[in-house]
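# Architecture and fold: a report
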Amino acid sequence: MHAGSARELDWRNRNLEMQTAIDTKVLEGLRQHPKRIPSWYFYDARGGELFQQIMAMPEYYLTRAEHEILRGQAESIFTAAGHTPGTPFAIIELGAGDGSKTKELLRYLIANDFNFIYQPVDISSNAIDLLKENLSDLPEFEMEPLVGDYFEMLQQTMSNDVPKMVLFLGSNLGNYDDATAKQFLQRAANGMQSGDVLLMGLDIVKDPKRILDAYNDAAGITKAFNMNLLERMNRELDADFDKDRFDHAPVYENNQAVSYIISKEDQSVYFGATEERIEFKKGEKIQTEISRKYTRESLQGLLGDSFQITHVFQDRQKDFSDFLLIKS
Ligand SMILES: C[S@@+](CC[C@H](N)C(=O)[O-])C[C@H]1O[C@@H](n2cnc3c(N)ncnc32)[C@H](O)[C@@H]1O
């Protein structure tokens, strides 16, 4: 066997291992009570396309607000982070998605001759493909895209002494409950050196109706995004979900938007991949996503000793904040 095909086989095995791990996680969540599906499962090719549409919806203020911050305040952000054009540094973005907001930061860095490498990490290879295409019209710069889990990839990027700026944008932290968010921050800190910075974009507590509308838009795009999970399971787990017998059911309570898929009747769904049936009662919910909303104080409560907040960048309406955190 020549080297090329051995590499190809390695890659295929790795993909197969990843797919098995994904399937196991999803089924584990459905066997539990209450049932849940991890929110990263949204991002197959169709889910990625739908998320692009969500970001452009009138109700989804989050992307516009953070875009405004990164477009208008790039210089202040890099000055506050202590980066100057001469000194090399790495930007590692966790859960980069399509990179459309980060593009504003990259544009600023390229125009001002900064010496940097951009390492976007995403568990979805579709997202990384989209990101590469999205950034292809920028002048040349150094980029190393990484497909995989945040922490596995963070470890890979941490093996050298170049100062790091980690980006965790789009209020991605809000997909974790507070206990898990604390662990996330601790793990991120463990992968960073003292003085490295984390720029974290968070959605801020505000009028509950505006928040709920962002997860339950009039055109039904968030509904399609949520219900696409059933189609993904039908395809990848050989399941037989009938979408008409389930519904999209988001709520906002205790400073978090929670998306559910609710079963309209007693029913059982067959999963060919594992040859098992999973039962659903009428009114039973599958939790598919939480999106926590923050204040500076609630973020402070999650940081422990790992990070200090040094600067806060806000949009004009103060809907959203990008917090600059320095590793202690
Ligand atoms: C809500 S999107 C946000 C994308 C981008 N940060 C933004 O602000 O527009 C979340 C992204 O994180 C990725 N993601 C979720 N969980 C992940 C994990 N454990 N490791 C790596 N990427 C993950 C998803 O594939 C998706 O592209």
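The coordinates are above.
Please read these numbers as outputs of a predicted model, since none were measured by experiment. Each chain carries its own residue numbering, running from 1 in the direction its sequence is written. Side-chain atom pairs in this predicted model are given and counted only at pLDDT of 80 or more, local residue features only at pLDDT of at least 70, and totals for whole chains, interfaces and linings cover all residues. Water and hydrogen atoms were dropped before computing side-chain values, which therefore reflect all heavy atoms in the structure.

### Concerning helix 7 (residues 150-157)
Classification of residues uses two cut-offs on accessible area relative to the type maximum, computed with a 1.4 Å probe and protein chains only: under 20% is buried, over 50% is exposed, and between them is partly exposed. Numbering of helices and strands runs from the N terminus; a helix is a DSSP stretch of H or I covering at least four residues, while a strand is a stretch of E covering at least two. Here helix 7 has its buried residues at Y150, F151, M153, L154 and T157. Along helix 7, the residues classed as buried sweep out an arc of 160° about the axis, all on the same side. Those residues of helix 7 that are exposed and angled more than 90 degrees off the buried face are Q155 and Q156. By definition, the arc is the one covered by directions from the helix axis to the C-beta atoms.

### Remarks on the side chain of D98
For D98, the position within the fold is in the loop between strand 2 (89-94) and helix 5 (102-111). At 7.3 Å, K101 is the nearest oppositely charged side chain to D98, a buried residue that forms no salt bridge. Distance and chemistry together define a polar contact, namely a pair of N or O atoms within 3.5 Å, with one atom able to donate a hydrogen and the other to accept it when in protein, and with adjacent residues in sequence counting only for side-chain atoms on both sides. Here S100 takes part through its backbone nitrogen, which lies 2.9 Å from a polar atom of the side chain of D98. Setting aside residues up to four positions removed in sequence, D98 forms contacts with Q52, M55, A127, L130, L131 and N134. Charge counting follows a simple rule: Lys and Arg are positive, Asp and Glu are negative, and His as well as the terminal groups are ignored. By definition here, a salt bridge exists when the distance from a side-chain nitrogen of Lys or Arg to a carboxyl oxygen of Asp or Glu is within 4 Å. Contacts between residues were defined by any pair of non-hydrogen atoms, one from each residue, lying within 4.5 Å.

### Some points on the site of the ligand
Nearness is judged by heavy atoms alone; a residue qualifies as near a molecule or strand once a single heavy atom is within 4 Å of it. If you check the shell around the ligand, you find 18 residues, and the closest are G95, K101, D122, D149 and Y150. The side chain of D149 places a nitrogen or oxygen atom 2.8 Å from a nitrogen atom of the ligand. Taking G170, its main chain carries an N or O atom lying 3.4 Å from an oxygen atom of the ligand. Taking 590 Å² as the accessible area of the ligand by itself, protein coverage stands at 93%. Each residue is assigned to one class: nonpolar for Ala, Val, Leu, Ile, Met, Phe, Trp, Tyr, Cys and Pro, charged for Asp, Glu, Lys and Arg, and polar for all the others, Gly among them. A class-by-class count of the residues in the shell around the ligand yields 9 nonpolar, 6 polar and 3 charged. Values of accessible area rely on a 1.4 Å probe in the Shrake-Rupley scheme; residue burial ignores everything except the protein chains shown.

### Regarding helix 5
Buried residues dominate helix 5, accounting for 8 of its 10 residues. Those residues of helix 5 not exposed but buried are T102, K103, E104, L105, L106, Y108, L109 and I110. Buried residues in helix 5 make contact with helix 3 (61-72), helix 4 (74-80), strand 2, strand 3 (116-122), helix 6 (125-134) and strand 6 (164-168).

### Notes on the layout of surface pockets
Lining residues are those with an atom within 4 Å of a point, where the points come from a 1 Å grid over the protein atoms alone and group into cavities, where a 1.4 Å probe fits but cannot get out, or pockets, open sets with protein on both sides within 12 Å along at least five of seven lines. Grid points are joined across faces, edges and corners, and a volume is the space filled by probe spheres set on the points. Put simply, the second largest pocket is a space of about 340 Å³. Within the residue set of the lining of the second largest pocket, elements represented by two or more residues are helix 1 (3-31), helix 6 and helix 10 (221-236). Tallying contributions element by element places helix 1 first for the lining of the second largest pocket, with 5 residues. Residues of the lining of the second largest pocket, tallied by class, amount to 7 nonpolar, 5 polar and 3 charged. Delimitation of the domains relies on an automatic or database domain assignment. Lining the lining of the second largest pocket are residues from two domains, each supplying at least three of them: domain 1 (3-41 + 222-292) and domain 2 (73-206 + 297-327).

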